[in-house]
Structures are given as structure tokens and as C-alpha cells.
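# Descriptive analysis of the structure
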Amino acid sequence: MSVAAVVLAAGKGTRMKSALPKVLHQVCGLPMISHVVNSLREAGIGRIIVVVGPEGQEIQDLLGSEVEYVVQREQLGTGHAVLQTEGALKNHNGPLLVIHGDTPLYRSTTLRGLVSFHDSSKASGTVLSVFVDDPTGYGRIIRDSEGAFAKIVEEKDATPEEAAVKEINSGTYVFQSEPLFAALHQLSPENAQGEYYLTDVLGIIRGQAGRVEIFTHDDHEEALGINNRVQLAAAERILRNRIREKWMLAGVTMIDPDTTYIDAQAELESDVVIFPFTFIEGHTRVASGSVIGPFAQVRDCVIGENVTISQATVLGSTLEPGCTVGPYSHIRPGCHLAEKVKVGGFCEIKNTTVGPGSKVPHLSYLGDTSVGSGVNIGAGTITCNYDGKNKYRTVIEDGAFIGSNCNLVAPVEIGTGAYVAAGSTITNDVPPGALGVARNRQRNIPDWVQRRSGKSSCQEEG
Ligand code: UD1
Ligand code: CA
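Residues numbered from 1 in each chain as written. Chains lettered and ligands numbered in written order. Predicted model: local features only at pLDDT ≥ 70, side-chain atom pairs only at ≥ 80, totals over all residues. Heavy atoms only, no water.

### Considerations on the coordination of the calcium ion (ligand 2)
The expected angle between donors at a tetrahedral four-coordinate metal is 109.5 degrees. At an octahedral six-coordinate metal it is 90 or 180 degrees. The calcium ion (ligand 2) binds to the protein through Asp102 (OD) and Asn227 (OD1), with metal-donor distances spanning 2.3 to 2.4 Å. In this pair, Asp102 sits in the loop between strand E6 (95-100) and helix H4 (108-121) while Asn227 sits in the loop between strand E11 (212-216) and helix H8 (229-249), placing the two residues 125 residues apart along the sequence. This pair shows no difference in class: Asp102 is buried, exactly as Asn227 is. (Donors = N, O, S within 2.8 Å, 3.2 Å for Na, K, Ca; no water. Helix = DSSP H or I, 4+ residues; strand = E, 2+ residues; numbered from the N terminus. Buried < 20%, exposed > 50% of the residue type's maximum accessible area, 1.4 Å probe, protein only.)

### Things to note about the sheet that holds strand E23 (residues 318-319)
The strand order E14-E17-E20-E23-E26-E29-E32-E35-E38 describes an open sheet built from 9 strands, whose pairing is parallel. Since the sheet does not close on itself, it has two edges, and those belong to strand E14 (267-268) and strand E38 (412-414), each with one partner. (Pairing = 2+ DSSP bridges.)

### A look at the pairing of strand E5 (residues 68-71)
For strand E4 (residues 47-52) and E5, the ladder comprises 4 bridges, and the chain directions are parallel. When the bridges of E5 are listed, Val52 appears paired with Val71. Viewed along the sheet, the connection from E4 through helix H2 (residues 57-63) into E5 turns out right-handed. (Right-handed = clockwise from strand over helix to strand, strands pointing away.)

### Description of H8
Compared with an ideal rise of 1.5 Å per residue, which puts 21 residues at 30 Å, H8 spans 30 Å between its outermost C-alpha atoms and is within 8% of the ideal. All buried positions along H8 are accounted for by Gln231, Leu232, Ala234, Ala235, Ile238, Leu239, Arg240, Ile243, Arg244 and Trp247. Along its buried surface, H8 packs onto strand E2 (26-27), helix H1 (32-42), strand E12 (253-254), strand E13 (260-262) and E14. Taking the backbone nitrogen of Val230 as reference, a side-chain oxygen 3.0 Å away marks Asn228 as the first, capping residue of H8. Taken from the residues just after H8, Gly251 is the one with a positive phi, measuring 105°. (Expected span 1.5 Å × (residues − 1). Contact = heavy atoms within 4.5 Å. Polar contact = N/O pair within 3.5 Å; in protein donor to acceptor, adjacent residues only side chain to side chain.)

### Structural notes on the domain arrangement of the chain
Under the domain assignment used here, the chain contains domain 1 (4-223) and domain 2 (245-436). Using only C-alpha atoms to locate each centre, domain 1 and domain 2 end up separated by 47 Å. (Domains from an automatic or database assignment.)

### Digging into a nonpolar patch on the surface
Among the surface-exposed residues, Phe401, Tyr419, Leu435 and Val437 lie close enough to one another that they form a single nonpolar patch of about 380 Å² accessible area. Along the chain, Phe401 falls in strand E36 (residues 401-402). (Patch = residues over 30% accessible without salt bridge, like charges linked within 9 Å, V, L, I, M, F, W, Y side chains within 5 Å. Areas by Shrake-Rupley, 256 points an atom, 1.4 Å probe, with all protein chains shown as cover. Salt bridge = Lys/Arg side-chain N within 4 Å of Asp/Glu carboxyl O.)

### Brief notes about the state of the cysteines
By definition, a disulfide links the sulfur atoms of two cysteine residues through a covalent bond. In the structure shown here, the tally under the stated rule is 0 disulfides. Considering cysteine sulfurs only, Cys335 is the nearest to Cys301, which forms no disulfide, with 9.2 Å between them. Left unpaired, Cys323 is separated from the closest cysteine sulfur, that of Cys335, by 11 Å. (Disulfide = S-S within 2.5 Å.)

### Digging into the side chain of His25
Among the structural elements, His25 can be located in the loop between strand E1 (4-9) and E2. Aside from chain neighbours lying at most four places away, what touches His25 is Met16, Ser18, Leu20, Leu30, Pro31, Met32, Arg229 and Leu232.

### Some details on the packing of helix H6 (residues 177-184) against helix H7 (residues 199-207)
For the pair H6 and H7, interaxial distance at closest approach is 9 Å and the crossing angle is 105°. When the axes of H6 and H7 are compared, the pair comes out roughly perpendicular. Contact residues: H6 offers Pro179, Leu180, Ala183 and Leu184, while H7 offers Val201, Ile204 and Ile205. Along the lines of polarity and charge, the residues of the contact of H6 with H7 split into 7 nonpolar, no polar and no charged. (Axes fitted to C-alpha atoms, helices over the stretch in contact; angles between N-to-C directions. Parallel < 35°, antiparallel > 145°, perpendicular 65-115°, else oblique. Nonpolar A, V, L, I, M, F, W, Y, C, P; charged D, E, K, R; others polar.)

### Let's talk about the packing of aromatic side chains
Per the counting criterion, the structure on display carries 6 aromatic pairs. Ring geometry for Phe277 against Phe295: centres 5.1 Å apart, planes inclined by 5°, an arrangement best described as stacked. Highlighted residues: Phe277 in the loop between strand E15 (273-274) and strand E16 (278-281) and Phe295 in the loop between strand E18 (291-292) and strand E19 (296-299), separated in sequence by 18 residues. Judged by relative accessible area, which is 42%, Phe277 ranks as partly exposed. One cation-aromatic arrangement involves Lys391 over Tyr386; the distance from NZ or CZ to the ring centre is 5.0 Å. (Phe/Tyr/Trp six-rings, centres within 6.5 Å; stacked < 30°, edge-to-face > 60°. Lys NZ or Arg CZ within 6 Å of the ring centre and 35° of its normal.)

### Side note on the pairing of strand E7 (residues 125-131)
Taking burial as the measure, the 7 residues of E7 include 6 buried ones, the bulk of the element. Of the pairings in the sheet, the one linking E7 to E11 comprises 5 bridges and is parallel in character. Paired with Val127 across the strands is Ile214, a residue of E11.

### Some words on the site of ligand 1
Around ligand 1, 23 residues are found, and the nearest of them are Gly11, Gln72, Thr78, Glu154 and Asn169. Interatomic distance of 2.8 Å between a backbone N/O atom of Gly11 and an oxygen atom of ligand 1. Protein chains shield 91% of the accessible area of ligand 1, which is 750 Å² for the free molecule. Split into classes, the residues belonging to the shell around ligand 1 amount to 7 nonpolar, 12 polar and 4 charged. (Near = heavy atom within 4 Å.)

### Quick word on unusual backbone geometry
Note: most residues except glycine have negative phi, and most peptide bonds are trans. Along the chain, Gly326 connects to Pro327 via a cis peptide bond; the corresponding omega equals 5°. Within the secondary structure layout, Pro327 lies in the loop between strand E24 (324-325) and strand E25 (329-331). Note that the residue after Ala410, namely Pro411, is joined by a cis bond; omega there is 0°. Considering the arrangement of structural elements, one finds Pro411 in the loop between strand E37 (407-409) and E38. One non-glycine residue with positive phi stands out, namely Phe295, at about 55°. Its identity as a non-glycine residue notwithstanding, Asn351 has a phi of 45°, on the positive side. Take Asn351: it is sitting in the loop between strand E28 (348-350) and strand E29 (353-354). Residue Asn351 is classed as partly exposed on the basis of its relative accessible area, which comes to 32%.

Given below as C-alpha cells:
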């Protein structure tokens, strides 16, 4: 059975009050439409057609060529949106799953269940319904006296009795193409919103003696439709919770799940420990034995085994096994820390590689730098990588030792095993094995204090 899916994403999303198309707002670090497409893929649906509006370029840029697109020029309603796919689906004769781009919480197992229910009941159309305490904003499922499907009524068109119904239309359906498109051609916009409602299609099919089924799903949270930012935050909460549970069951310890934020695409191995107020974002992978947090943000990073990151921000970087970072440090994108590198307190590192076992223990800035292995960077070392126009690299070879409070003015190279004296401003390369000293010699002026106080008492007398 070949199932195709149509994802509706052409609506303006006015209730979001946003310049960004609604379906591109993120839930747990991933645009909501990507959640929908991923679930469809996981459910085994190969062909996905996304209906976009005339300003849908951003959606196409995001999803690329993994899906097909149909443009709905004018937003005349959900029924009108599905009708735009008629040409693209001319040769499709299996079931068609229709889903909204603003319902990101469906599990793939639920979508699979819906399709097989539809298939086994030989219906022309099946709607996924859930029961909710507060049905505000949703279409209501109206059943006949036998409990079978009668129609869907949108809230704005509902009588008070209909509005009181707590079984809602999730906006996810499976149809047989032929009766679907036949019914879509019969829609009229005579309703409170003047739109062509997809929801009316089921009533039309039923009126023409077609079989319409209701697939009632237990977990109403999956059907949450996001029309405004309050619902966006609700979706975020639900999905965060699910993600946390998934990783805890996979062997991750979370000291305080409520303050642990893990994005949808992050991956954690067993025996990772996460302390409170920690954000694991984007495509981050964290290997076994690592301890992250408290107060850590790690985004788009590869974190090896047994790494410790405490009270630090680590972005777009790779940390090999055994590294320690923090507290209060910022690893900016483009860094690669080899095994057992230590970056201690109050450091900032950007676009920098650090070799095995090297230490940057305190108060340093390394930008555009290559640090070899076994290097010690003294407290307060600054690479001066920017002359106001261009950026330059600093190279610090294996085993070098940089004393405290040094400026390394790039481009500059510190050779293998070389030393740089504390307080130096280094503007020329230091050869391997040499000591670079670039500061004034100290001069002590004997009895200076006594002479100074003698002079000032004289002035007072005068
Ligand atoms: C819709 C349903 C409602 C259901 C709810 C579930 C209709 C008429 N109503 O209401 O019964 O309970 O979803 O979440 O279907 N879209 C287009 N083109 C359009 C209009 C909308 O592509 O011309 C897309 C939107 O981008 C969105 C989806 O269709 O992804 C749903 O539209 P929306 O306006 O959010 O419908 P609801 O009012 O939520
Ligand atoms: Ca909606």
C-alpha cells in the first residue's frame, strides 16, 4: 500500500503575530513543520507534498528537495489548500494522509495506526479525533444518535450545544483520493469565515453514502494545534517532557528534569549526567560518562566520553574524551579540544584547536589559534588576533609554556618547547626552545618611600 501525505502550510498564521511563517517557529529547537515531516517519514510515508503560500520560499529552503511543493496562491481555506494538490496526485491511488504543518507533536506510531485503521475499515475518509477539556478554537466532531460520524462544525459556526462538545477534529485525516477530490469540488465558502473548509468534505462524503470513520486517539496532547505563542509554549513543554523521559529511560541521569532542556535532535549516551539549568541544543551529541552542568549551554557540539562542562557555554565545537571546561567559560564555534584538554575559569576560545593534554586554566582569550599538545597557557594570556581589519592566526607548538598575562600579537608563532616570560607582549616569533621576553626590566629605586614622605611633610609645613 503506497500512502502519500499532504502537509498544509500555506496559512498566514496571523495569530502568531510574527514575521516568520508559523510552521517555521521552533519546538525544541526544530521548526514545527520539520517535526511533522519527520513523523511522516518515520511512519513510512515516502511521498510528501507540502502546500505552501506565495511566500513559502523559506519553507522550501528548509525542507529542500526531500518533499514536493504545491503553491496555494490565495489562502481560501484548508479545503482549497488540499484541492491545489489534485494535479500532483493525479496518478496516486493509495490512501492520502492530510495533516497540518502546525501540529508537530504526533508520534509516527499514531500516524501509522491511523492509516491502518482507515485501511482496515475500508472508509473513504477517516478523521483523527481526541477529547480535550477545553475545545476552544478547534472544530467539533458531531456524532449521530448511533455514535457514528455526522459532521465537523467549526467553532465560529457552532451552536451552543455543538460548542460544548469536547471531542475535537485534530486536523489529521486519511482519505481515498477519488472521493476526496470529488467532495473538494463541491465545497462552498458559506460559513462564518467565508472559507473552503476541508472539514466539510467528510460531511459531503457521508451525505453521498460514503463511509466516514472516526479514529479516536487517547493522547490528546499529540493533536495540539499551534495557532498562537501560548500554544507554542505548551507544545514546547510537552515535547521537552517526552524528550527527557526518552533519554532518562535510555540511561541518562537528570538531577532536575524540570530545568533540563534537550532539543529534539540532540543525542545522549547512557551514563551521561546532567545537572540543573542545562541546555543541550541543536545537533549536539554527548558520549557516555560526561557530566554537563549545572548552568551549561551546549549547542551543535560533539562531546566525547567523560567530559565535564560546568557553568559554561560551548557552541559549535568538538571536545574529545576527558576534557574539562568551566566554570564561567565560553567556547565559541569552530573549536576542537583534543583529549584531556582543560579550559578552566573565565576563558573565551574561538576558532581554535588545542592539542592533547594542554591547559588553558584561567582568564584567557584564544582566537584563531592552533595550540599543540602539552602546552600550558598562563593566566591572562590574550591572543591579539584582530588589527581592526583582518584576523590573524597564532601558533603555539607542542610543549610550549606561556607565562601569565602575555599578549601574543598575531600572526605569531611560539616554537616547540619555547617559553614566554610573564607579562610579555610578543610581536615576533619565538624559536623552539627559546625564552621570549618582551617587557622592561624591573628597576628598584632605593629609599624612595622615605624620600617621598620627607618631601611631602616639607610641603605641608610650607
Ligand atoms: C483547523 C480545522 C479545525 C481543527 C484544527 C486542528 C478547518 C476549517 N479547521 O482549524 O477543525 O480542529 O485545524 O488544529 O480545517 N492552511 C493552508 N491554507 C489555507 C488555510 C490554512 O495551507 O488557506 C493551513 C495552515 O497553514 C495550517 C493548517 O492549514 O497549517 C490549518 O489552518 P488553521 O488556520 O490553523 O486552521 P484552524 O483554525 O486551526
Ligand atoms: Ca491550526
